Amino acid sequence: MLQPKKTKYRRQQKGKMKGNAQRGNQLAFGSFGIKAMEECWMTGSQIEAARQAIVRYMKREGQLWIRVFPDKPITKKPAEVRMGKGKGAPEGFVACISPGRIIMEAEGVPLEVAKEALRLGAQKLPITTKFIVRRDFDESI
């Protein structure tokens, strides 16, 4: 599962997810990608499930880039514990996703294969996404 090797602090504040993605909102590596349409906290297991679905459909041809990484620690208190007594223990890590953020990119497969593979991967994610193609993509290849 994706998680950082080391963090500066064990716990982090929730923060606000407002506005659109300012970074990571353009295709940088591949010709095809899936773009987030709403905000969410995405766990490492959700990202891994999407990756497996995409790679399996592409039959390990082409290349896949994961553009998000879960680096925010999430805490949770045990069940049936009274209020107070401090913040809970870290339970896992999430990636903060804003609208417009590119989640995954693919390259080296035909348009139809990439479209279906990324659609299958997007089904594993907790948000609505949009399939995008590089502006200067040439279909004759």
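Predicted model, so just to flag it, every value in this text is computed and none were measured.

A. Looking closely at the sheet that holds strand β7 (residues 129-133). What the 4 strands build is an open sheet, ordered β3-β6-β1-β7; its pairing is antiparallel. The open sheet terminates on both sides in strands that have one partner only, identified here as β3 (63-66) and β7. Ignoring which end each strand starts from, the neighbouring axes of this sheet average 20° apart. Bridge count between strand β1 (residues 32-36) and strand β6 (residues 102-107): 4 bridges; the pairing is antiparallel. Bridging from a neighbouring strand, Ile-34 pairs with Met-104 of β6. Taken strand by strand, helix α1 (residues 44-57) contacts β3 and β6, and its axis lies near 170° from that of β3.

B. Molecular detail of the sheet that holds strand β2 (residues 40-43). Spatially, the 3 strands line up as an open sheet ordered β2-β5-β4, and their pairing is antiparallel. Only two strands of the sheet have a single neighbouring strand rather than two, namely β2 and β4 (72-76). Taken pair by pair, the neighbouring strands of this sheet meet at an average axis angle of 55°, ignoring direction. Pairing geometry for β2 and strand β5 (residues 89-97), over 4 bridges, is antiparallel.

Here is what the cut-offs are and how they apply
- The numbers attached to residues start from 1 for each chain and follow its sequence in the written order.
- Residues qualify for local features only when their pLDDT is at least 70, as the model is predicted, and side-chain atom pairs are given and counted only at 80 or more; totals for whole chains, interfaces and linings, by contrast, use all residues.
- Here the side-chain values reflect all heavy atoms present in the structure, with hydrogen atoms and water set aside.
- Whether two strands pair depends on DSSP finding at least two bridges between them.
- Going along the chain from the N terminus, every DSSP run of H or I of four or more residues is numbered as a helix, and every run of E of two or more is numbered as a strand.
- Angles shown run from 0 to 180 degrees and are taken between the N-to-C directions of axes, each axis being a line fitted to C-alpha atoms and, for helices, limited to the stretch in contact.
- Any two residues having at least one pair of non-hydrogen atoms within 4.5 Å are treated as being in contact.

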